[in-house]
Amino acid sequence: GGNRGGVDVVVAGDVLYDDDLAKAVFPWFVELASSGVEVLVGDPGRWVLQEGKYNDLIEKVAEHALDDKVVAEHHGLHTGNVWRVKGETE
């Protein structure tokens, strides 16, 4: 299609846990999505998402319960989520 370099999908995990990292990668994700690339991000909904700064550019497309061991190891986060990044025109 008309997307960047023939890339159809970008999948990223564990990149929104830190505000500085999120500020570095999220504009690129939006740029990719705006050019027609499907951008999916795996994140349990950490504080970067909870602050709401990206709410208009991201939507949850899947939610999966984590087992007890994983919950204990990850500070009580109970779900693993997949978020779709929206393009500027959506």
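See the structure printed just above.
This section reports on the structure supplied with the text. No experiment lies behind these values; they were computed from the predicted model shown. (Residues numbered from 1 in each chain as written. Predicted model: local features only at pLDDT ≥ 70, side-chain atom pairs only at ≥ 80, totals over all residues. Heavy atoms only, no water.)

**Some remarks on the environment of Ser35**
Phase 1: Mapped onto the elements of the fold, Ser35 is located in the loop between helix 1 (19-34) and strand 2 (38-42).
Phase 2: Remark: the alpha-carbon pair of Ser35 and Asp8, spanning 27 residues in sequence, is separated by 10.0 Å. (Helix = DSSP H or I, 4+ residues; strand = E, 2+ residues; numbered from the N terminus.)

**With respect to the pairing of strand 2**
Phase 1: What you see with strand 2 is a clean split: Val39 and Val41 sit on the buried side and Glu38, Leu40 and Gly42 on the side with no burial.
Phase 2: By the bridge criterion, 5 bridges tie strand 1 (residues 9-13) to strand 2 in an arrangement that is parallel. Bridging from a neighbouring strand, Val10 pairs with Val39 of strand 2.
Phase 3: With respect to chirality, the unit in which strand 1 leads through helix 1 into the neighbouring parallel strand 2 is right-handed.
Phase 4: The pairing of strand 2 with strand 4 (residues 79-85) spans 4 bridges and is classified as antiparallel. In the sheet register, Val41 faces strand 4, and the bridge partner there is Trp83. (Buried < 20%, exposed > 50% of the residue type's maximum accessible area, 1.4 Å probe, protein only. Pairing = 2+ DSSP bridges. Right-handed = clockwise from strand over helix to strand, strands pointing away.)

**A word on helix 1**
Phase 1: Spanning 16 residues, helix 1 covers 22 Å between terminal C-alpha atoms, matching the ideal 22 Å at 1.5 Å per step.
Phase 2: Val25 marks the point of greatest bend in helix 1, at about 30°, and the proline Pro27 comes within the next four residues.
Phase 3: Every buried residue belonging to helix 1 is among Asp19, Ala22, Val25, Phe26, Phe29, Val30, Leu32 and Ala33, and all of these are buried.
Phase 4: The N-cap residue of helix 1 is Asp18: its side-chain oxygen and the backbone nitrogen of Asp20 are 3.0 Å apart.
Phase 5: Immediately beyond the C-terminal end of helix 1, within one or two residues, lies Gly36, with a positive phi of roughly 105°. (Expected span 1.5 Å × (residues − 1). Bend = angle between axes of the 7 residues up to and from the residue. Polar contact = N/O pair within 3.5 Å; in protein donor to acceptor, adjacent residues only side chain to side chain.)

**Side note on the nonpolar core**
Across soluble globular proteins, nonpolar side chains show a tendency to be buried alongside one another.
Phase 1: Counting 21 residues, the largest nonpolar core has Leu16, Phe26, Phe29, Val39 and Val85 as its most contacted members.
Phase 2: Elements with a contribution of two residues or more to this core: strand 1, helix 1, strand 2, helix 2 (47-50) and strand 4.
Phase 3: Considering every element that reaches this core, the biggest residue donor is helix 1, with 7 residues.
Phase 4: When sequence neighbours within four positions are dropped, the list of residues in contact with Leu16 reads Ala22, Phe26, Val41, Asp43, Val48, Leu49 and Ile58. (Core = buried A, V, L, I, M, F, W, Y, C linked by side-chain atoms within 4.5 Å. Contact = heavy atoms within 4.5 Å.)

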